Amino acid sequence: MSIKIFCDSADYKVIKKYSKSKIVKGFTTNPSLMRLVGTKSYKNYAIKILKICGNKPISFEVFSDDINSMIQQAYIINSWGKNVYVKIPVVNTQGKFTGKAIRELSSNGIKLNITAIYTYKQVKKVFLSLNKNTKSIISIFAGRMADTGKDPVPIFKKSVRLVKKHKNIKILWASTREAYNFLQAKNLGCEIITMPTKIIEKIKNFGKSFNMLTLDTVKGFFQDGKKSKFKI
């Protein structure tokens, strides 16, 4: 089975570059990434991005903590483009499940990307709240999970199995840490992996032999030593 690569960035120049790339099939953003690039007007900047990302799917996240306000924001964000997925966090900052928002929006045909998921219990609750006829993404944060010493693989295995018969619901490997995660996600049956640009570029090394990698590494060290004019 194939797996789609989404670029995780809100940088205008990055999105413009990868909008023309065959390897990147979509984009994901969040309020932190939008802040990182100095966004002043959330709506204006999002629409500016939409003008250059073509028809590739892109996720924009709500930033309210109140669930009713999340719903209102989601309808507005959805209106910005046909390729927009609205990101909804699985819980708010008080830990309350956002099922009310997920159920209403999904039942009204709003494409959702449910984010910040770390447990199979959360996946199942989201799955039961989604309209199976509406396109939806369930984003599981593998990298952040692994950063705390927890193995993300078991949750992906169970989650992929859960949604297998529902073609509109996709499991996404999020918070990618290294290029090898691409192969892990693909082998587990994830349909999407989102990654920062530095890791997308590393995929170009796939297929290189260990001998080639050794030579590349040694040459890099040698050239840096030469440029630095080191002497002992």
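Up top is the structure these notes are about.
Residues numbered from 1 in each chain as written. Predicted model: local features only at pLDDT ≥ 70, side-chain atom pairs only at ≥ 80, totals over all residues. Heavy atoms only, no water.

**With respect to unusual backbone geometry**
And then number 1: Even without a glycine there, the phi angle at Ala116 is positive, about 65°.
And then number 2: Classification of Ala116 by relative accessible area gives partly exposed; the value is 29%.
And then number 3: Phi at Ser175 takes a positive value of approximately 50°, unusual for a residue other than glycine.
And then number 4: Along the chain, Ser175 falls in the loop between β7 (169–174) and α9 (180–188). (Buried < 20%, exposed > 50% of the residue type's maximum accessible area, 1.4 Å probe, protein only. Helix = DSSP H or I, 4+ residues; strand = E, 2+ residues; numbered from the N terminus.)

**Digging into the pattern of salt bridges**
And then number 1: All told, the structure shown has five salt bridges when counted by the stated rule.
And then number 2: A salt bridge links Glu191 to Lys170; the nearest nitrogen and oxygen atoms lie 3.2 Å apart. With Glu191 in the loop between α9 and β8 (192–195) and Lys170 in strand β7, this residue pair connects regions lying 21 residues apart in the sequence.
And then number 3: For Glu191, a relative accessible area of 26% puts it in the partly exposed group.
And then number 4: Taking the relative accessible area as the measure of exposure, Lys170 reaches 25% and is therefore partly exposed. (Salt bridge = Lys/Arg side-chain N within 4 Å of Asp/Glu carboxyl O.)

**Remarks on a positive patch on the surface**
And then number 1: Positive charge collects at one region of the surface, where Lys4, Lys22, Lys25 and Lys135 lie side by side.
And then number 2: With respect to the helices, strands and loops of the structure, Lys22 is situated in the loop between α1 (12–19) and β2 (24–28).
And then number 3: By relative accessible area, Lys22 is classed as exposed at 75%. (Patch = residues over 30% accessible without salt bridge, like charges linked within 9 Å, V, L, I, M, F, W, Y side chains within 5 Å. Areas by Shrake-Rupley, 256 points an atom, 1.4 Å probe, with all protein chains shown as cover. Lys, Arg positive; Asp, Glu negative; His and termini not counted. Charge placed at Lys NZ, Arg CZ, Asp CG, Glu CD.)

**A look at the sheet that holds strand β6 (residues 136–141)**
And then number 1: In space, the eight strands of this closed barrel follow the order β1-β2-β3-β4-β5-β6-β7-β8, with parallel pairing throughout. On average, each strand axis in the sheet is inclined to that of its neighbour by 25°, with strand direction left out of account.
And then number 2: With six bridges joining them, β6 and β7 adopt parallel strand pairing. Bridging across to β7, Phe141 finds its partner in Ala174.
And then number 3: This element, helix α4 (residues 67–78), spans β3 (58–61) and β4 (84–89) of the sheet and lies at about 165° to β4.
And then number 4: Where helix α6 (residues 120–129) meets the sheet, its contacts fall on β5 (112–117), β6 and β7, and the angle it forms with β5 comes to roughly 160°. (Pairing = 2+ DSSP bridges. Axes fitted to C-alpha atoms, helices over the stretch in contact; angles between N-to-C directions. Contact = heavy atoms within 4.5 Å.)

So far we have only geometry, and geometry alone does not tell us how the molecule works.
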